[in-house]
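Single-letter residue listing:
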Amino acid sequence: MSYHQILYQIVFSTKYREPVLEKSGRIELFNFIGGILKHKKCKLYCINGVEDHIHILTSVNPKIALSNLIKDLKISSNKFIKEKNIFPSFNNWQKGYGAFTYHTNAKKKLITYIKNQEIHHQTENSRAEIIRMLIEHQIDFDEKIFE
């Protein structure tokens, strides 16, 4: 028997961080992504986002590589968005992603944070948010990629 518990906050953006994820279509997108996670036997705790990016709080099935999961999420949701035309100005997801691990004690606070994305982004833009998260998690990065 194998046991695991890795809590991930996954963040990825629209191409060029364009504000194209209109509020009216987000629930449909989040439900679609939740279905993919369920199908892959991942546990979804929370998903939300704003016009230019989304946050997913999940544990990942240990039989699936994180990079493959995110690749599948982005490819499948890209196709779904375009077929359903739920975001007419959507072009694509930006290359790359952020994936941050947390202790299970942080789960409740993270769920609140993700649920309150619209409120949070009244005071911090998405660029500043991802840079803050990279710094908090002591991840080396080149600020030029965020210009």
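Scoring rules and cut-offs
Residues numbered from 1 in each chain as written. Predicted model: local features only at pLDDT ≥ 70, side-chain atom pairs only at ≥ 80, totals over all residues. Heavy atoms only, no water. Helix = DSSP H or I, 4+ residues; strand = E, 2+ residues; numbered from the N terminus. Buried < 20%, exposed > 50% of the residue type's maximum accessible area, 1.4 Å probe, protein only. Disulfide = S-S within 2.5 Å. Contact = heavy atoms within 4.5 Å. Pairing = 2+ DSSP bridges. Axes fitted to C-alpha atoms, helices over the stretch in contact; angles between N-to-C directions. Parallel < 35°, antiparallel > 145°, perpendicular 65-115°, else oblique. Left-handed = near helix turned anticlockwise from the far one by under 90°. Nonpolar A, V, L, I, M, F, W, Y, C, P; charged D, E, K, R; others polar.

What about unusual backbone geometry?
Of note, the phi angle at Arg17 is positive, near 55°, even though the residue is not glycine. With phi around 55°, Gln138 is a residue other than glycine that occupies positive phi space. Structurally, the position occupied by Gln138 is in the segment after helix H5 (126-136). Using a relative accessible area of 74% as the deciding quantity, one classes Gln138 as exposed.

Regarding the state of the cysteines
Applying the stated rule across the entire model yields zero disulfides. Cys46 supplies the cysteine sulfur nearest to Cys42, a cysteine that is in no disulfide, at a spacing of 16 Å.

Topic: the environment of Gln5
Within the secondary structure, Gln5 sits in the segment before strand S1 (7-13). Sequence separation of Gln5 and Gly49 is 44 residues, and the distance between their C-alpha atoms is 24 Å. For Gln5, the residues in contact, after removing those within four places along its chain, are Tyr45, Ser59 and Thr104.

Observations concerning the sheet that holds strand S2 (residues 43-50)
Across the sheet, four strands lie side by side as S2-S3-S1-S4; this open sheet has antiparallel pairing. Two strands in the sheet have a free side with no partner beyond their single neighbour: S2 and strand S4 (98-102). Adjacent strand axes in the sheet meet at a mean angle of 15° when their direction is disregarded. As defined by bridge partners, S1 adjoins S4 across five bridges and the pair is classed as antiparallel. Considered in S4, the bridge of Ile10 is made with Ala99.

Some words on the packing of helix H1 (residues 23-39) against helix H2 (residues 66-84)
Look at H1 against H2: their axes get within 10 Å of each other, and the N-to-C directions meet at 140°. On the basis of the axis angle, H1 is oblique to H2. Judged by the sense of rotation from one axis to the other, the crossing of H1 with H2 is right-handed. Mapping the contact onto sequence places Glu28, Leu29, Phe32, Ile33, Ile36 and Leu37 in H1 and Leu69, Leu73, Ser76, Ser77, Phe80, Ile81 and Lys84 in H2. Across the contact of H1 with H2, the residue classes break down as nine nonpolar, two polar and two charged.

Any link to function would need more than the numbers given here.
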